[in-house]
Each structure stands twice: as structure tokens, then as C-alpha cells.
Amino acid sequence: MKLYSTLSRQLEELPPPPGPIRMYFCGPTVYQRAHIGNARPFAIGMWLRAWLRERGYDATLVHNITDINDKIYDAAPGASAELAAHATQWYLEDTRDLGLGMPDGLPKATDAVGSIVAFIEKLVAAGNAYEAGGDVYFSVSTDPGYGRLSRQKIENMEPEEESSIKHAPQDFALWKATKPGEDTSWGSPWGPGRPGWHIECSVMAEDAFGPVFEIHGGGLDLVFPHHENELAQSLALGHDFARIWMHNGLLTRSGEKMSKSLGNDMTIRGVIDEWGREVALLLLLSGQWRKPLDFNQGTLEQSRAQLETFRNVFRSPSEPVGEWTELEAALDDDFNTPEALAVMHSWRDHDLLRRAFAIFGLESIAELEKAPAELAALAERRREARDTMDFAESDRLRDEIAAAGWEVRDVAESPGYRLVRRS
Ligand SMILES: [Zn+2]
């Protein structure tokens, strides 16, 4: 199986099964109801784990929760910890309702502060970091390969924050001294403060897997500075860190960047409530994971139509059409889910489709709705009318069933008809 890596800018072959394949996917900063954009790396990670397990790998997914961050302090002055705790629960509920199961580990930054302080102390001792005014900064000039992931020259990099106490503009904070208005802080050798964002992920990934693991994932907007800096910190301690870096394309809304400030964002909760989780998952599957994907009325309606097409396959008898190897070819080639969807649309074999749907959390498509008892009784009376050649009564009953939104179809197997909800 091959996956594209941002680090090498090429497709990388995975080791043969059983691996292990250890995956760390960056999760959300928790301060509001999560944006549908956060569902993409979550779903890709969960689908990839399911597919790797199907292919015989020992696959593990860790997905972190960033619950210490400037955005949280800004969103809830004086009550940031309470907001982060609530928003963590919302995120867990919303992602659970996607119906894909949950990652193997969901570490929170607040639970990792002790390990983070220990990691920073090692960087300071090794000469890769320095203390200044209660902050600690990583010194990018100590890393000759800095820029290896985003392939930028240091002089062209946008400094993350301006500060007169840094030795160089691109140096980034590992530890930030507590500022007025910040209502949470932790003790450290440099005084009270809290970790920087990048060091949180280096430490949570290494706490979960040790210093070397196979895949690091996240949105394309995390390549720089977040992942560049994670890599620099870990390599500075002589750790190899992640081998393959998967960056998913971002979601757009009618071609525009989706963001709360533009007022065009959609939440995971909103999409599930309005369209249903199956439509959301089919739309996420319709885009190649590296490319941008547009969420709008039109693409959501297309996914709803796809859902109906799949349901119709289960309203008809199963036919031996489809080969599992077709799905393997699509997914083993850089996890090409749009190709996998096309393959599944060509299949008519119910068992094969059920097996594929199970990978993507879509088993429910195969469960046909059961008709209400009174309609089942009408269908039974229609069968009796047909048996006695009373076609006028049989047609009348068919129309009565249709008026209730159902269709009665004659089929070979017992009891000779099937009730199907009309879309
Ligand atoms: Zn991260």
C-alpha cells in the first residue's frame, strides 16, 4: 500500500503487514462546536485505520485534543478551562455521531504538561532552546535542516509572533509565561506558564508511541509552522519521529475558505442534524484526501442522491457483480476514496457491498426501513387480491400504499412482494 508524504513529496510504500502502523492525527483546538473541516482528518484517520486492519495490519490511531491555547483564553476570559472541558465533550459527541467508532487514544494537552516540561528541559540542556523572560524558545538556528517539511528558506518564513526577547524572529515558543487575564497555568523551572502548541503534539505523539511512528496526519494548514516545528523539536533530541506526513486538503464553502470569521462555516453537528451522517460521510469520501473539497447545497444534494442510489441496490435482489480486489486497487493506491466509491457503485453483490460499507461506517445503508404494520397488512391483502385475479382491488391497494409513500414491488422470493419507501 502506498501513501503520499509531504516530507518526501512522493508516494511512500508501507511496510508489509502486520506493521505495526502507528498514526497520530492532530485534533481540534476546543473552544466552540467543531467545524465540519475538523471532521475530515478525523474521518480519514478512522477510515484508514479500518482499511489497514482489513489488510492485516496492526493499526493504531491517536488523535489529540488541544485544550490549552490562546484561542481558548480569548473565547472565555476567566473561564477557559470550563469552556475547553465543554467543547471537548461536544467534539467527542459530534465525532461519535459520525458512526465511525473512536480513535485508540484521545490525549489532552492538559494531561501531558509534566511530560512537556521534561521534554523542554532536555531541549534547553542540549542547547536547542533558551529561556527569556519566563518564556522558553526553540532556537531554529541550531537545526540546519529547519524548513525540511514546508520546504521554505528560513529568511522567507513568517514569524509566528513578534517578540523583542527572541534571539531570532523565527524562533518559536515552547513555554509561555503566564500573562494577565490567563486563568490557567502550570509550574515549571522557568516559572508559571503553559506550553506552546507545537510542543504539545511532539510530546503527546511520543508519549503514545515512543519517538518513532509511521504516520503523522492533519490538515494542510498545519504543515507550517505546526508540523515543521514538531519535527524540529523531536529531531533535535535525536528522535526520528514520523516517517510519512499526510496532509489533507481543506474544506471550502462554494469555493471560499470556510471560517467562523467569514460567517460561512458549518459545524459537524449542523451537517449531521440537517443532512444525516451518511450524506456527510459520502461527501467526505467523494474527495481525494489531499485535494480541497467543497461543501455546499449542490455537493450535499449529490451525496444524498448517491445514498439513494446505494439504497436502491438493496431494494433489488443481490447479483454476483463486483470483485473485492477492485476496492483494494483503489484504496491501496494512496487511499483513493473517490475511486473506491465508483467501484462500490458498480457493484450489485449485497454481501460485498456490506463488507465495504463496514470499512466506511456506512453499514446502515444496507438496512432497509421496515414498513409500518398497517402498510404490511395492505400489501398482504393486495397479494390475496392478485391470487384471486381481482386486479381492480389489487391496483386500488397498490395506490393506497403509494399514497402513504411506499411502493410495493413484486419479487420472486417469499412472500412474493417487498415494500420499499419511495424517495
Ligand atoms: Zn498537532
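Residues numbered from 1 in each chain as written. Predicted model: local features only at pLDDT ≥ 70, side-chain atom pairs only at ≥ 80, totals over all residues.

1. Comments concerning the overall build of the protein
What counts, and what does not: A run of H or I in DSSP counts as a helix once it spans at least four residues, and a run of E counts as a strand once it spans at least two, with each numbered from the N terminus. Exposed residues have 12 or fewer other C-beta atoms within 10 Å of their own C-beta, buried residues have 20 or more, and partly exposed residues fall in between, where C-beta atoms are placed from the backbone. It is the C-beta atoms, placed from the backbone, that decide contacts: two residues are in contact if theirs lie within 7 Å.
The helix and strand inventory of the protein stands at 14 helices and 15 strands. Looking at the 423 residues of the protein, the share that counts as buried comes to 40%. A separation threshold of at least 6 residues defines the contact pool for the protein, and within that pool the share at least 24 residues apart is 72%.

2. Quick look at unusual backbone geometry
In this structure, the amide linkage connecting Pro17 to the following residue, Pro18, adopts the cis form with an omega of 10 degrees. Residue Phe241 is not a glycine yet carries a positive backbone phi of 65 degrees.

3. Focus: the packing of helix H5 (residues 197–209) against helix H6 (residues 223–236)
Put simply, the rule reads: To obtain an axis, a line is fitted to C-alpha atoms, over the contacting stretch when the element is a helix, and the angle between two such axes runs from 0 to 180 degrees between their N-to-C directions. For classification purposes, an angle smaller than 35 degrees is called roughly parallel, one larger than 145 roughly antiparallel, one from 65 to 115 roughly perpendicular, and anything else oblique. Each crossing gets its handedness from the near helix: less than a right angle anticlockwise from the far helix is left-handed, clockwise is right-handed. Polarity classes work like this: nonpolar for Ala, Val, Leu, Ile, Met, Phe, Trp, Tyr, Cys and Pro, charged for Asp, Glu, Lys and Arg, and polar for all others, with Gly in that last group.
At a minimum axis distance of 8 Å, the contact between H5 and H6 shows a crossing angle of 60 degrees. Relative to H6, H5 is oriented oblique. The two elements H5 and H6 cross, and the hand of that crossing is right-handed. For the pair formed by H5 and H6, the contact residues are Trp197, His198, Ile199, Cys201, Ser202 and Glu206 on the first element and His226, Asn229, Glu230, Gln233 and Ser234 on the second. Among the residues forming the contact of H5 with H6, the class breakdown is three nonpolar, six polar and two charged.

4. Here's the deal with the environment of His86
Inspection of the secondary structure assignment puts His86 in helix H3 (residues 80–96). Considered as a pair, His86 and Arg304 are 218 residues apart in the sequence and their alpha carbons are 32 Å apart.

5. Some words on the pairing of strand S9 (residues 212–219)
Keep this limit in mind: DSSP calls a pair of strands paired once it identifies at least 2 bridges connecting them. Handedness rule for crossovers: strands pointing away from the viewer, path from the first strand over the helix to the second running clockwise, crossover right-handed.
Of all eight residues in S9, six are buried, a share of seventy percent or more. By the bridge criterion, three bridges tie strand S3 (residues 21–25) to S9 in an arrangement that is parallel. Within S9, the residue paired with Met23 across the bridge is Ile215. Here S9 pairs with strand S10 (residues 241–248) via seven bridges, running parallel. Note on S10: the bridge partner recorded for Gly219 is Asn248. Handedness of the crossover is the feature at issue here: the chain leaves S9, passes through H6, returns alongside S10, and the resulting connection is right-handed.

6. Concerning helix H14 (residues 391–403)
Defined as follows: Multiplying one less than the number of residues by 1.5 Å gives the expected span of a helix.
Here H14 is 13 residues long and its end C-alpha atoms lie 18 Å apart, about the 18 Å a rise of 1.5 Å per residue gives. Once H14 finishes, Gly405 follows within two positions and takes phi at roughly 90 degrees, a positive value.

7. Brief notes about the environment of Asn296
Locating Asn296 in the fold gives a position in the loop between strand S13 (293–294) and helix H9 (297–315). Separated by 35 residues in sequence, Asn296 and Leu331 place their C-alpha atoms 26 Å apart. Setting aside chain neighbours within four positions, we find Asn296 in contact with Arg253 and Ser254.

8. Here we look at the domain arrangement of the protein
Our working rule: Segmentation into domains, and thus their bounds, comes from an automatic or database assignment.
When the domains of the protein are assigned, the result is domain 1 (2–248), domain 2 (253–366) and domain 3 (373–421). With centres defined by C-alpha atoms, the gap from domain 1 to domain 2 works out at 29 Å. With 26 residues of domain 1 at the interface, the matching set in domain 2 holds 23 residues. Contributions of two or more residues to the side of domain 1 that touches domain 2 are made by strand S1 (2–5), helix H1 (36–54) and H3. Looking at which element gives the most residues to the side of domain 1 that touches domain 2, the answer is H1, with twelve residues.

9. A few points about the pairing of S1
Strand direction decides the pairing type here: S1 and strand S2 (residues 10–13), joined by four bridges, are antiparallel. Residue pairing across strands places Tyr4 opposite Leu11, the latter belonging to S2. The loop that links S1 with its antiparallel partner S2 comprises four residues; one of these, Arg9, has a positive phi angle of about 55 degrees.

10. Remarks on the sheet that holds S13
The strands making up a sheet associate through hydrogen bonds between their backbones, and the pairing can be parallel or antiparallel. Within the open sheet, the three strands sit side by side as S12-S11-S13. Their pairing is mixed. Looking at which strands have only one partner, the edges of the open sheet turn out to be strand S12 (256–257) and S13. Examined bridge by bridge, strand S11 (residues 251–253) and S13 share two bridges and lie parallel to one another. Paired with Leu251 across the strands is Leu293, a residue of S13.

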